[in-house]
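Chain by chain, the residues run as shown.
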Amino acid sequence: MTQVQQAQQVQKVQQTQVQGQVVESGQESNPLVSMLKPLVLDIAVPLGSYYLLRNGFGVGLVASLMLSSIVPAVRTVVAAARDRSFNGLAGIMLVVNLVGIVLSFATGDARLMIVKDSALSSVVGISVLIAAATGKPLMSAGLKPFMTKGKAANVLAWDRLSAGSAPFRRAELLFSTIWGVSLLTECVARIVLAFILPVSTMVWLSTVLLIASILLAAVVGAIATNPIERMIADEAKAAEDGAADEAKAIATETVAA
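The following refers to the structure shown. (Residues numbered from 1 in each chain as written. Predicted model: local features only at pLDDT ≥ 70, side-chain atom pairs only at ≥ 80, totals over all residues. Heavy atoms only, no water.)

1. Side note on the overall build of the protein
So, step 1. Each helix and strand counted, the protein has 11 helices and zero strands in total.
So, step 2. What you see in the protein, going N to C, is helices and strands ordered as α-α-α-α-α-α-α-α-α-α-α.
So, step 3. Within the protein, the fraction of its 257 residues that count as buried is 35%.
So, step 4. A sequence separation of at least 24 residues applies to 73% of the contacts in the protein between residues at least 6 apart. (Helix = DSSP H or I, 4+ residues; strand = E, 2+ residues; numbered from the N terminus. Buried < 20%, exposed > 50% of the residue type's maximum accessible area, 1.4 Å probe, protein only. Contact = heavy atoms within 4.5 Å.)

Next comes the structure, spelled out in structure tokens:
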């Protein structure tokens, strides 16, 4: 095997390893499906189950709210058991959901379950902002699959940029900051409205507020994601050109020898 073939073989092995990691982590799945799945399971299912229990089966208001929170709580436990590692956001969601359910049993206050959702947003938002302030872009774990689109070259480019590019790191931190601020804003609005409007109104309005905050963060987040996407494309192209140049150089040296 010539040196050129060896270099090409090494590059193929590296890309195969990255592709294997991408498949194992689920990054090759459709980005749209990856985005909608948690929204459906954590928002649509709890909301639908509330109306089914409340209006369909005549279950009490507090009980309906409590039972509709079980699915998100179970999801956090399953995710932790499946990954066999501590997921910061999943842990926060689990604790807040469990505390909300326990407090609902203790007080019987239906509004408390509405405020519980605000507590979730606030804790997550504060955690994201604190992490960003300390140089840790907590939201990058969810952003990476969308930006890399399951392509091995893009995953490698992301990893290199995240480890050694100051502009890229600033864009990551900006993205997390935008989401943290959006979640905190939604939290404040939900808490205020929970004690002004009827509980029956807040059940559906809470979901509207959450979706609105997500959409707002996604739109404003383009300030960070657009540069990130460009940097990944440039880095992947540069790596590809560099590999081609290296192969040509090795070929030239082999011929000369």
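Still more ground to cover, so stick around.
2. Re the packing of helix H7 (residues 140–148) against helix H8 (residues 152–164)
So, step 1. Look at H7 against H8: their axes get within 9 Å of each other, and the N-to-C directions meet at 140°. With respect to H8, the axis of H7 lies oblique. Between H7 and H8 the crossing geometry is right-handed. Contacts from Ser140, Leu143, Lys144, Met147 and Thr148 in H7 reach Asn154, Val155, Trp158 and Asp159 in H8.
So, step 2. Residue composition of the contact of H7 with H8, grouped by class: four nonpolar, three polar and two charged. (Axes fitted to C-alpha atoms, helices over the stretch in contact; angles between N-to-C directions. Parallel < 35°, antiparallel > 145°, perpendicular 65-115°, else oblique. Left-handed = near helix turned anticlockwise from the far one by under 90°. Nonpolar A, V, L, I, M, F, W, Y, C, P; charged D, E, K, R; others polar.)

3. Describing the side chain of lysine 144
So, step 1. Turning to its location among the elements, lysine 144 is positioned in helix H7.
So, step 2. Taking the relative accessible area as the measure of exposure, lysine 144 reaches 17% and is therefore buried.
So, step 3. Other than its neighbours up to four places away in sequence, lysine 144 contacts Val155, Trp158 and Asp159.

4. Side note on the pattern of salt bridges
So, step 1. Overall, the coordinates contain five salt bridges when judged by the stated rule.
So, step 2. Lysine 149 serves as the salt-bridge partner of glutamate 229, at 3.3 Å between the closest nitrogen and oxygen. One end of the pair, glutamate 229, is in helix H11 (residues 222–256); the other, lysine 149, is in the loop between H7 and H8, and 80 residues separate them in sequence.
So, step 3. With a shortest N-O distance of 2.8 Å, glutamate 235 and arginine 160 are connected by a salt bridge. Note that glutamate 235 is positioned in helix H11 and arginine 160 in helix H8, a separation of 75 residues in sequence.
So, step 4. Take glutamate 235: its relative accessible area is 23%, and that puts it in the partly exposed class. (Salt bridge = Lys/Arg side-chain N within 4 Å of Asp/Glu carboxyl O.)

5. Section: the nonpolar core
So, step 1. Core analysis: the biggest nonpolar cluster contains 21 residues, and Trp158, Phe168, Ile228 and Ile232 have the highest contact counts within it.
So, step 2. The set of elements that each furnish at least two residues to this core consists of helix H6 (110–133), H7, H8, helix H9 (166–194), helix H10 (199–220) and H11.
So, step 3. Among all residues touching tryptophan 158, those that are not within four sequence positions of it are Ser140, Leu143, Lys144, Met147, Thr148, Phe168, Glu172, Ile228 and Ile232.
So, step 4. Membership of the second largest hydrophobic core comes to nine residues, among which are Ala194, Val199, Met202 and Val203. (Core = buried A, V, L, I, M, F, W, Y, C linked by side-chain atoms within 4.5 Å.)

6. Section: H9
So, step 1. Taking 1.5 Å as the rise per residue, H9 with 29 residues should run 42 Å; its terminal C-alpha atoms sit 42 Å apart, in good agreement.
So, step 2. A side-chain oxygen of the first residue of H9 lies 3.3 Å from the backbone nitrogen of phenylalanine 168; this N-cap is serine 165. (Expected span 1.5 Å × (residues − 1). Polar contact = N/O pair within 3.5 Å; in protein donor to acceptor, adjacent residues only side chain to side chain.)

7. Details of the packing of aromatic side chains
Aromatic ring pairs are defined here through the distance separating the ring centres and the angle between the ring planes.
So, step 1. Enumeration over the complete set of coordinates arrives at two aromatic pairs.
So, step 2. Seen from their ring centres, tryptophan 158 and phenylalanine 168 are 5.1 Å apart, and the 90° between their planes marks the pair as edge-to-face. One end of the pair, tryptophan 158, is in helix H8; the other, phenylalanine 168, is in helix H9, with 10 residues separating them in the sequence. In this structure, tryptophan 158 and phenylalanine 168 share a single accessibility class: buried.
So, step 3. With centroids separated by 6.1 Å and ring planes inclined at 50°, the aromatic side chains of phenylalanine 175 and tryptophan 179 adopt a geometry described as tilted. (Phe/Tyr/Trp six-rings, centres within 6.5 Å; stacked < 30°, edge-to-face > 60°.)

8. Some remarks on the packing of H8 against H9
So, step 1. Between H8 and H9, the least distance of the axes is 6 Å, while the angle of their chain directions is 95°. In terms of axis orientation, H8 runs roughly perpendicular to H9. Contacts between H8 and H9 involve Trp158, Leu161, Ser162 and Gly164 on the former and, on the latter, Ala166, Phe168, Arg169 and Glu172.
So, step 2. Partitioned by chemical class, the residues of the contact of H8 with H9 number four nonpolar, two polar and two charged.

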